[in-house]
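Results of the structural survey
One letter stands for each residue in the lines below.
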Amino acid sequence: MAHDAGLVLRPAQPDDVEAIAVLWHAGWRDGHAGHVPAELHRHRRLADFRDRVPPRLSATTVGTRDGRLVGFVTVREDEVEQVYVVGPARGTGVAGTLLAAAEHAVAARFDSAWLAVAVGNTRARRFYTRHGWRDAAALDYPAEAGTAPVLVACRRYEKRVR
């Protein structure tokens, strides 16, 4: 679909589940350790991500380079729910390209997009600000965690996409 310095964006496929789960698990730990309630970590094992990926496949776009997954983005309604990039691909434009694809997907149905960022995830917060998103409000985000969500102190970022 999109080509940028070897980056190819395409819809996620069932064969991508394991690679997405591994990337999401590692990226989540990297971006959230120390920034979310301790109880949430019990629900963020690799097995949990393997369970969370399949229901999101139809809403997920992956970025690959040389056939290897380097990032993914998931859109639910007007929410950019997940954006993750492998460590070595950070700073190479992959995240910006994935985010632009998500904004385009949201713009097909909504005027504005939103996303939640854990308060302490300053790297992500700087990234979204650089890409034109604004910090709109405090948000207690209900993170999936077994039978009942765990509330995570976040900031709600918003962007007009059309």
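Use the structure listed above.
Fair warning: this is a prediction, and the values are worked out from it, not measured in the lab. (Residues numbered from 1 in each chain as written. Predicted model: local features only at pLDDT ≥ 70, side-chain atom pairs only at ≥ 80, totals over all residues. Heavy atoms only, no water.)

1. Topic: the nonpolar core
Counting 25 residues, the largest nonpolar core has Val 80, Val 94, Leu 99, Leu 115, Tyr 128 and Trp 133 as the members making the most contacts within it. With seven residues, helix H4 (residues 94-107) is the largest single contributor of residues to this core. Those residues in contact with Val 80 that lie beyond four places of it in its chain are Val 73, Thr 74, Leu 99, Ala 102, Val 106, Ala 113, Trp 114, Leu 115 and Trp 133. One finds Val 17, Leu 40, Leu 69 and Val 150 within the second-largest nonpolar core, a separate group that totals 23 residues. (Core = buried A, V, L, I, M, F, W, Y, C linked by side-chain atoms within 4.5 Å. Buried < 20%, exposed > 50% of the residue type's maximum accessible area, 1.4 Å probe, protein only. Helix = DSSP H or I, 4+ residues; strand = E, 2+ residues; numbered from the N terminus. Contact = heavy atoms within 4.5 Å.)

2. Points about the packing of aromatic side chains
Tallying each qualifying case throughout the model produces nine aromatic pairs. Arranged with centres 5.9 Å apart and planes meeting at 70°, the rings of Trp 24 and Phe 72 form a pair that is edge-to-face. Here Phe 72 lies in strand E4 (residues 68-76) and Trp 24 lies in helix H1 (residues 17-32), a separation of 48 residues in the sequence. Overall, Trp 24 belongs to the buried group, its relative accessible area being 1%. Its relative accessible area of 1% is what places Phe 72 among the buried residues. A centroid spacing of 5.7 Å and a plane angle of 25° characterise the contact between Phe 72 and Tyr 84, whose relative ring orientation is stacked. With Phe 72 in strand E4 and Tyr 84 in strand E5 (residues 79-85), this residue pair connects regions lying 12 residues apart in the sequence. Aromatic ring contacts, followed pair by pair, group Trp 24, Trp 28, Phe 49, Phe 72 and Tyr 84 into a single cluster. (Phe/Tyr/Trp six-rings, centres within 6.5 Å; stacked < 30°, edge-to-face > 60°.)

3. Looking at the pairing of E5
Most of E5 sits inside the fold, with seven of its seven residues counted as buried. In the sheet, E4 pairs with E5 via six bridges, with the strands oriented antiparallel. Bridging from a neighbouring strand, Arg 76 pairs with Glu 79 of E5. Two successive antiparallel strands, E4 and E5, enclose a turn made up of two residues, where Glu 77 displays a positive phi of approximately 55°. (Pairing = 2+ DSSP bridges.)

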